[in-house]
Structure formats: structure tokens, C-alpha cells
Amino acid sequence: MPARARRPAAEVRVRKVSGFRVPAVHNREVFDQAVDAIAEATAELLAGLEVRGGRGREATPVMRGGA
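Moving on: the packing of helix H1 (residues 3-18) against helix H2 (residues 28-48). It is the contact of H1 with H2, at a shortest axis distance of 8 Å, that shows an interaxial angle of 125 degrees. Between H1 and H2, the crossing angle belongs to the class labelled oblique. Note that H1 runs across H2; the crossing there is right-handed. Contact with H1, carried on its side by Arg-6, Arg-7, Ala-10, Glu-11, Arg-13, Val-14, Arg-15 and Ser-18, involves Phe-31, Asp-32, Ala-34, Val-35, Asp-36, Ile-38, Ala-39, Thr-42, Ala-43 and Leu-46 of H2 and no other residues of that element. When the residues that make up the contact of H1 with H2 are grouped by side-chain class, the tally is nine nonpolar, two polar and seven charged.

Counting five residues, the largest nonpolar core consists of Ala-10, Val-14, Phe-31, Val-35 and Ala-39. Those elements that provide at least two residues to this core are H1 and H2. Top contributing element to this core by residue count: H2, with three residues. With sequence-adjacent residues up to four places away left out, Ala-39 is seen in contact with Arg-6, Arg-7 and Ala-10.

Time to look at the pattern of salt bridges. Enumeration over the complete set of coordinates arrives at six salt bridges. A salt bridge links Arg-7 to Glu-11, with the nearest nitrogen and oxygen atoms 3.6 Å apart. With Arg-7 and Glu-11 both in helix H1, this residue pair falls four residues apart, about one helical turn. A relative accessible area of 22% means that Glu-11 is categorised as partly exposed. The residue Asp-32 makes a salt bridge to Arg-7 at a minimum N-O spacing of 3.9 Å. In this pair, Asp-32 is assigned in helix H2 and Arg-7 in helix H1, connecting sequence segments 25 residues apart. Arg-7 gets classed as partly exposed once you look at its relative accessible area, which sits at 31%. What you see here is one network of salt bridges that share partners, running through Arg-7, Glu-11, Arg-15, Arg-28, Asp-32 and Asp-36.

Rules of the game
- Residues numbered from 1 in each chain as written.
- Predicted model: local features only at pLDDT ≥ 70, side-chain atom pairs only at ≥ 80, totals over all residues.
- Heavy atoms only, no water.
- Axes fitted to C-alpha atoms, helices over the stretch in contact; angles between N-to-C directions.
- Helix = DSSP H or I, 4+ residues; strand = E, 2+ residues; numbered from the N terminus.
- Parallel < 35°, antiparallel > 145°, perpendicular 65-115°, else oblique.
- Left-handed = near helix turned anticlockwise from the far one by under 90°.
- Contact = heavy atoms within 4.5 Å.
- Nonpolar A, V, L, I, M, F, W, Y, C, P; charged D, E, K, R; others polar.
- Core = buried A, V, L, I, M, F, W, Y, C linked by side-chain atoms within 4.5 Å.
- Buried < 20%, exposed > 50% of the residue type's maximum accessible area, 1.4 Å probe, protein only.
- Salt bridge = Lys/Arg side-chain N within 4 Å of Asp/Glu carboxyl O.

Here it is, written out as C-alpha cells:
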């Protein structure tokens, strides 16, 4: 997953979990903190994964942001 796609993906997950498409002003800070935490966890997960065999993650067009 490209770095530029992590935050939008994290926002989708927080929206699903919270049930809110857009948080109220009084919930914005905790919403943003959750998005940041999920984006960071995603980055750590992807950095720690070891791909064995094949051509690796970089070889797939979807991972490069292509079709």
C-alpha cells in the first residue's frame, strides 16, 4: 500500500468503526487521533511483513497505485 493511500484507508476504517462519516466538532480530535494510529499501525505492519518467494509486493500494479 503506497504511503499516500494509508491515511485515506485509515479514515475509511475509523468511519466504519465509529459509524460517523464526518465527526462532530467535539469529536474531531479523537477521530483524527484514531486515523493517525491506524495509519501508523498499517505502516508498521507493512514494513514488518516478509514476502517469501515470488516477485514481492513492489511487483503488483495495485500496490504501485496502478490498475
